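Summary of the model geometry
One-letter residues, chain by chain:
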Amino acid sequence: MRVVMFGYQTWGHRTLQALLDSEHDVVTVVTHPRSEHAYEKIWSDSVADLAEKHGIPVIIRNRPDDELLDRLEEVAPDIIVANNWRTWIPPEIYNLAVHGTLNIHDSLLPAYAGFSPLIWALINGEPEVGVTAHLMDEELDAGDIVVQRSVPVGPTDTSTDLFHRTVDLIAPVTTEALGLIASGQTEFTPQDRSRASFFHKRAEEDIRIDWNWPAEDLERLIRAQSAPYPSAFTFHKGQRLEVLSAVVSEGRYGGTPGRIFYREGNGVVIVAGADARTGRNHGLAITRVRTGDGRELPATEYFTSMGGYLTGRP
């Protein structure tokens, strides 16, 4: 089939490579300009560079426009394939190709439509994550599922671990889905919209530690904000402090959320949970931190004495 590909960053790069390795003919690639956004500088393999290396025409756009539509009509694709395209694709484009548009999304749809699905899924304690190939329709990430594959989430996995595991699913999911469509299959699995959820892009506020959260949730937040993602942070004595690693405490600690309380093993326990006053909660045992001047050190070295509080604001 003649394929137009929309994509960006490493997700788009892997999708384009899968198409190049397949029997299909990539006739045009559409991608975004380079960005200085914190999350868009991560996993930033260039779709444009890969396309140009293989002599494929590249169109750079922030969002589709009439000129792009005209150019796509000229190349007359059999199918459009999209992965990590960051803005709305209008129906006159996603319906342009003979077989419509196949979108590759890194979640187990219908859950975690939208942005940063791996990070949100890890924060929420999901037992598995994955990749879905679905046909695009008028609602974002809501079309019929063609192929879906999953991987389990382990108890110490970070978002970085899950990225590497799911990005490896892109090629087989894409090629299998295209194979089904090319074979003439037209009936696929409708999404159960009662199970749908839609998440926004990550931002600074989303990595600020709220000590009213249970320690179990905070521990997953720390793992979800693993390098190269921006680290979760709190404030100590008015200074920003990044939390690089932490575990749920073995003991249960009562008091006020955010209290720097007790040395346990290799960590320093912070009281956590909105109902911490009951004494029934585990705390978050911080094991490694980064200070505002960039120093990384064990929490037991940073916290030279117990007492005081970690706070959400200076």
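In the block above lies the structure referred to throughout.
Residues numbered from 1 in each chain as written. Predicted model: local features only at pLDDT ≥ 70, side-chain atom pairs only at ≥ 80, totals over all residues. Heavy atoms only, no water.

**Regarding the overall build of the chain**
- What the chain contains, in helices and strands, is 9 helices and 16 strands.
- C-alpha extents for the chain along the principal axes are approximately 70 × 40 × 30 Å.
- In the chain, buried positions account for 51% of the 314 residues.
- Considering only intrachain contacts with a sequence separation of at least 6, the fraction spanning at least 24 residues in the chain is 67%.
- Surface exposure of the chain reaches about 14,300 Å², of which carbon and sulfur atoms provide 49%.
- Here the chain contributes 29 positive and 44 negative side-chain charges, whose respective centroids are spaced 10 Å apart. (Helix = DSSP H or I, 4+ residues; strand = E, 2+ residues; numbered from the N terminus. Buried < 20%, exposed > 50% of the residue type's maximum accessible area, 1.4 Å probe, protein only. Contact = heavy atoms within 4.5 Å. Areas by Shrake-Rupley, 256 points an atom, 1.4 Å probe, with all protein chains shown as cover. Lys, Arg positive; Asp, Glu negative; His and termini not counted. Charge placed at Lys NZ, Arg CZ, Asp CG, Glu CD.)

**Observations regarding the pairing of strand β12 (residues 260-264)**
- The sheet contact formed by β12 and strand β13 (residues 267-270) spans 4 bridges and is antiparallel. The partner of Ile-260 across the bridge, within β13, is Ile-270. (Pairing = 2+ DSSP bridges.)

**Description of the layout of surface pockets**
- Of the volumes computed, that of the largest pocket is approximately 600 Å³.
- Lining the largest pocket are 32 residues; nearest its centre among them are Asn-84, Trp-85, Arg-86, Gly-114 and Phe-115.
- Going through the elements one at a time, α1 (9-20), β4 (79-83), β5 (101-105) and α5 (117-123) are the ones with two or more residues in the lining of the largest pocket.
- Looking at the lining of the largest pocket, its residues break down into 15 nonpolar, 9 polar and 8 charged. (1 Å grid on protein atoms, 1.4 Å probe; cavity = no way out; pocket = protein on both sides within 12 Å on 5 of 7 lines; lining within 4 Å. Points joined across faces, edges and corners; volume = space filled by probe spheres on them. Nonpolar A, V, L, I, M, F, W, Y, C, P; charged D, E, K, R; others polar.)

**Things to note about the pattern of salt bridges**
- Overall, the coordinates contain 16 salt bridges when judged by the stated rule.
- Between Asp-49 and Arg-34 there is a salt bridge; the shortest N-O distance is 3.3 Å. With Asp-49 in helix α2 (residues 47-53) and Arg-34 in the loop between β2 (25-31) and α2, the pair connects residues that are 15 residues apart, well separated along the chain.
- Its relative accessible area of 42% is what places Asp-49 among the partly exposed residues.
- With relative accessibility at 66%, the residue Arg-34 sits in the exposed group.
- With a shortest N-O distance of 2.7 Å, Arg-223 and Glu-219 are connected by a salt bridge. (Salt bridge = Lys/Arg side-chain N within 4 Å of Asp/Glu carboxyl O.)

**Re the sheet that holds β4**
- The 7 strands are arranged β3-β2-β1-β4-β5-β7-β8 in an open sheet whose pairing can be described as mixed. In the strand order of this sheet, the two ends are held by β3 (58-60) and β8 (145-152), each with one partner. Here the strands of the sheet are splayed against their neighbours by 15 degrees on average, with no regard to which way each runs.
- Relative to β5, β4 runs parallel, the two being bridged by 4 bridges. (Axes fitted to C-alpha atoms, helices over the stretch in contact; angles between N-to-C directions.)

**Description of a negative patch on the surface**
- A contiguous patch of negative charge, built from Asp-66, Asp-70, Glu-73, Glu-74 and Glu-92, is present on the exposed surface.
- If you tally residues by element for the negative patch, the top one is helix α3 (residues 66-75), at 4 residues.
- For Glu-92, the location among the structural elements is in helix α4 (residues 91-94).
- Classification of Glu-92 as partly exposed rests on a relative accessible area of 44%. (Patch = residues over 30% accessible without salt bridge, like charges linked within 9 Å, V, L, I, M, F, W, Y side chains within 5 Å.)

**Brief notes about the nonpolar core**
- Ranked by size, the top nonpolar core spans 71 residues in total, and within it Leu-102, Trp-211 and Ile-286 carry the most contacts.
- The element that contributes the greatest number of residues to this core is α5, accounting for 6 residues.
- With residues near it in sequence (within four places) discarded, Leu-102 still touches Ile-79, Ile-80, Val-81, Ala-82, Ala-133, His-134, Leu-135, Val-146, Thr-174, Ala-177, Leu-178 and Ile-181.
- With 17 residues, the next largest nonpolar core counts Phe-6, Ile-59, Val-75 and Ala-97 among its residues. (Core = buried A, V, L, I, M, F, W, Y, C linked by side-chain atoms within 4.5 Å.)

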